[in-house]
Amino acid sequence: MLALGADGPLPPKNLRCEYLSNPLGIDVRQPRLAWVLEHTARGQKQTAYQILVATRPETLTQDKGDQWDSGRVASDNSTQVPYNGKPLQSSTTYYWKVHTWDKDGNASPYSRAAQFEMGLLSAEEWKAQWIAGGNLLRKEFPVAAKVVRARAYVTALGYYELRLNGQKVGSNVLDPAWTTYEKRSLYTTYDVTAYLQSGPNAVGMMLGNGWANQTWDWGDPVKPAGQSPELLVQLEIDMEGGRHVQIVSDKSWKAGKGPIASDSIYNGETYDARLEMPGWDAPGFNDSSWKAAEVLKGPGGVLSAEMMPPIRVVDTIPPVLVSNPQPGVYVYDLGQNFAGWAQLRVKGPRGTAVKMHFAELLYDSGMLNRENIRGAKATDTYTLRGDGELEVFEPHFTYHGFRYVELTGFPGTPGLDTLRGRVVHSAVESVGNFAASKPLLNQIQRLIRWGYLSNLHSVPTDCPQRDERMGWMGDAQATAETAMLNFDMAAFFTNFIRDIRDVQGPDGSVTDTVPHKGGSRPADPAWGTAYPLLCWYMYEQYGDVRILDEHYDGLKKYVEFLRSKAPDNVLRYSYYGDWVAVEHTPGELVSDAYYYKDVQILAKAAAILGKSADAQAYSQLAAQIKDAFHREFYDAKRGVYANGTQTAHTLALFFGLVPDDQLGQVLGRLTNDIVYGHDTHITTGFIGVKYLLPLLTRTGSSDLAYELATQTTYPSWGYMIANGATTLWELWQNKTGPSMNSHNHHMFGSVGAWFYQALAGINLGADSAGYGKIRIEPQIARDLTWASGTVETVRGTVSSAWSHSPGVLSLDVTIPVNSQARIVIPKEEEATELVVREGEQIVWEKGKYVPGVPGVTGASQERNGNIVLEVGSGRYSFKLTMR
Ligand code: BGC
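Source: prediction; values computed, not measured.

**Q** Any chance you could explain the sheet that holds strand β38 (residues 773-776) here in plain terms?
**A** In sheet architecture, strand pairing relies on hydrogen bonds along the backbone and comes in two forms, parallel and antiparallel. Strand order in this open sheet of five strands is β37-β38-β42-β47-β46, and the pairing throughout is mixed. Since the sheet does not close on itself, it has two edges, and those belong to β37 (762-764) and β46 (856-861), each with one partner. Across the sheet, the axes of successive neighbouring strands diverge by a mean angle of 20°, strand direction being ignored. By the bridge criterion, five bridges tie β46 to strand β47 (residues 867-871) in an arrangement that is antiparallel. Within the sheet, the bridge partner assigned to serine 860 lies in β47 and is valine 868.

This is the structure in structure tokens:
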């Protein structure tokens, strides 16, 4: 804390543009700007801001914005401020900064400068042509003067690696993101200034099949097998003296065949280093034997900027063990199941072929068990150059889901350092942290995070290992909140939601997988609901109103599609329902519950967007669906919904489909089924489990939720861990045969949201979005002595950490500037005499609020005796003592 009188707002930090930090090549014409506030005092908020946007950093240094000076705008908006200056131009970099005023009218210093750069904003600016012809394409070109600024705009139908003058450009791998190519391809913008030189230059592109040429059983690839991938490249080069040169992909490029003999996402890569052509990506290479590139039509969709974290190699992990179960067969254990590949280090005779097979499981014999990866061959083969040097190989255009690697054909005896794991996924930032005094909870949290990241490959996939890896929408919706509390998913989901709209049919239907490769159209309603649900979570977690607006028509069309299938207000069609359940729940009930939810979301979105007629109409429809649900599924004689499973009752209760006078009775049925019917075990699939623990917590049974979360016998998360899981399984059962049993599926990870929301107690305030209002309400589970959660929200850090000993509860809370919180401090059941202190100061005593603690604006007591504090921003250390 500064000395008295020095209190004030600090410079805004963490400047973002369209959720990205200093993005290069965006194509939103009114990008939204955001910042995080800091203040030396508690209870502070923003009352106004001023944004400056300039085309040169020097202009900004003089506190001028030649592009936009917002002036002082009275507003508390710090997370979604749309750019509102002069029209933004293609390929131009903009520098910006912001300062704010606090509630007392004190101005903050300016933030540090941030920047954003526009991509190519109109289709006409693309002069490049789609070309193909081999898996290597190249072109040489002269640059007449010193390069002052150069950009490359790149995409492919397939995967690419961009190379300039002998070097790989940037650190993206498996780029571009997978899209419905017929509708849209995503291009990436690279700053290539440092890769170019005056004089001769060369651009080279390596191409892989990616998802465009994937051969699979899941529907037709965009390109028939055997056709080569295509690319589109445009280089814009500014030279000293104001000259500009453009290099584009066209028929003047040369096409050749490189060392990659075959590549496939499912099957792996075969690389023959004897076929490398040193210098092919540098000037002066003799390409006279290469043929001219073919100019093609391209996939036909629009070109959009790739505005989300790219796929990268994010970590390297050493093996923990190597064994030698058979002569010549070496099996590496990386100690962790994950997505990526292995880096091989080898020295040996020319022509030696070393093979790496990947698997999640081992047999007792120590050999790989690859039964559950089904048709995926998951094999990388490297043939040595054999020039006496150490050769280091990593594949370019494939990835595997694995913990174990089998190495064969190795010249000599490999060591532990022969292989290392390379962890590869969309490089989302970690924003959350959860931990508690019970190690099992921390282990589950670890499994959730590894499982989730393994399945982030530009779309949220179901699994990373077998011949599938698709954007299954049910899985995506199941864990979206967990994901958002652990990782910065804002840009990723903004993109995926657009991917969903790209598959929407004229009838409003969406598909089970996005891009649509497996499963059906229309989607199972519990899968299709990903469209409204993800939009809604974007609104809740990030305060994103624009996404509701942009997708409003799409959401309305989707709901109207569902309505067309439910003439009597009951939506019955279903394929998977409560998928992978222990006890089956009729799919009709699951579909209909989501129909109700989807209509409610649409009604709420309409209200937020000021479409009051729609808001009313869809609220009415929701009420009709609720009546119809009860009529259709409630069996008054037996007092159960449908067949009375945990999922049937959980969905009915959680979604608010049960008439008030029957709530107690239905809840009783549910808890009886859990406790007496199943000895405190879950019987749901991945749909039911998402809501089961939150429901129990919400209805006063958080101890029961906790018991379910910490079970160690089948079915439970603890059971997976007891059986050696390092990522979540697809099934509650421990199966390892040829059936559907991935050991790295993320959808049971929905419990992760409950860790943050219930155990740490971090929640959105009622009817609020983007953490403007926060509710901290930790559940003090009986056998925990402490739990803590931190989430870097769009407003800044929210954290809650409690520790408990008999008679004393300590609760440390952080609330970001510009937010308010209601903090519920739970007391022990029997305790009567309660005293709450903040630091040394008393806030509550003798049944009364004691005013005077900075930042605390009020306190009251709930009927159950818990103390509720109203606070503004700041860090607080509360201590409740009770007798
Ligand atoms: C996937 C699931 C998916 C399901 C649909 C499976 O093959 O792996 O996670 O949601 O199909 O039923």
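**Q** So what exactly am I meant to see when it comes to the pattern of salt bridges here?
**A** Note that side chains of opposite charge can pair when their charged atoms are close. In total, this model carries 38 salt bridges according to the counting rule given. In this structure, arginine 422 and glutamate 394 form a salt bridge, with 3.0 Å as the shortest nitrogen-oxygen distance. With arginine 422 in strand β33 (residues 419-426) and glutamate 394 in the loop between β31 (391-393) and β32 (400-408), this residue pair connects regions lying 28 residues apart in the sequence. Using a relative accessible area of 19% as the deciding quantity, one classes arginine 422 as buried. Look at glutamate 394 and you get buried, because its relative accessible area is 18%. Here the salt bridges share partners, and the residues they tie into one network are Arg374, Asp462, Arg466, Asp467, Glu468 and Glu730.

**Q** I would appreciate a short explanation of the sheet that holds strand β44 (residues 841-845) in the present structure.
**A** Strand order in this open sheet of eight strands is β34-β39-β40-β41-β48-β43-β44-β45, and the pairing throughout is antiparallel. Two strands in the sheet have a free side with no partner beyond their single neighbour: β34 (432-436) and β45 (848-849). One ladder, built from two bridges, connects β44 with β45; its direction is antiparallel. Each bridged residue has a counterpart across the sheet, and for glutamate 845 the counterpart in β45 is lysine 848.

**Q** Quick question: what am I supposed to make of the site of the ligand here?
**A** The environment of the ligand is formed by Asp462, Arg466, Glu468, Trp472, Asp475, Trp527, Tyr576, Trp579, Glu730 and His745. Between the ligand and tryptophan 527 there is a distance of 3.0 Å, counted from an oxygen atom to a side-chain nitrogen or oxygen. Notes on the ligand: free accessible area 310 Å², of which the protein chains cover 95%. Of the residues assigned to the shell around the ligand, the class counts are four nonpolar, one polar and five charged.

Rules behind the numbers
- Residues numbered from 1 in each chain as written.
- Predicted model: local features only at pLDDT ≥ 70, side-chain atom pairs only at ≥ 80, totals over all residues.
- Heavy atoms only, no water.
- Pairing = 2+ DSSP bridges.
- Helix = DSSP H or I, 4+ residues; strand = E, 2+ residues; numbered from the N terminus.
- Axes fitted to C-alpha atoms, helices over the stretch in contact; angles between N-to-C directions.
- Salt bridge = Lys/Arg side-chain N within 4 Å of Asp/Glu carboxyl O.
- Buried < 20%, exposed > 50% of the residue type's maximum accessible area, 1.4 Å probe, protein only.
- Near = heavy atom within 4 Å.
- Polar contact = N/O pair within 3.5 Å; in protein donor to acceptor, adjacent residues only side chain to side chain.
- Areas by Shrake-Rupley, 256 points an atom, 1.4 Å probe, with all protein chains shown as cover.
- Nonpolar A, V, L, I, M, F, W, Y, C, P; charged D, E, K, R; others polar.

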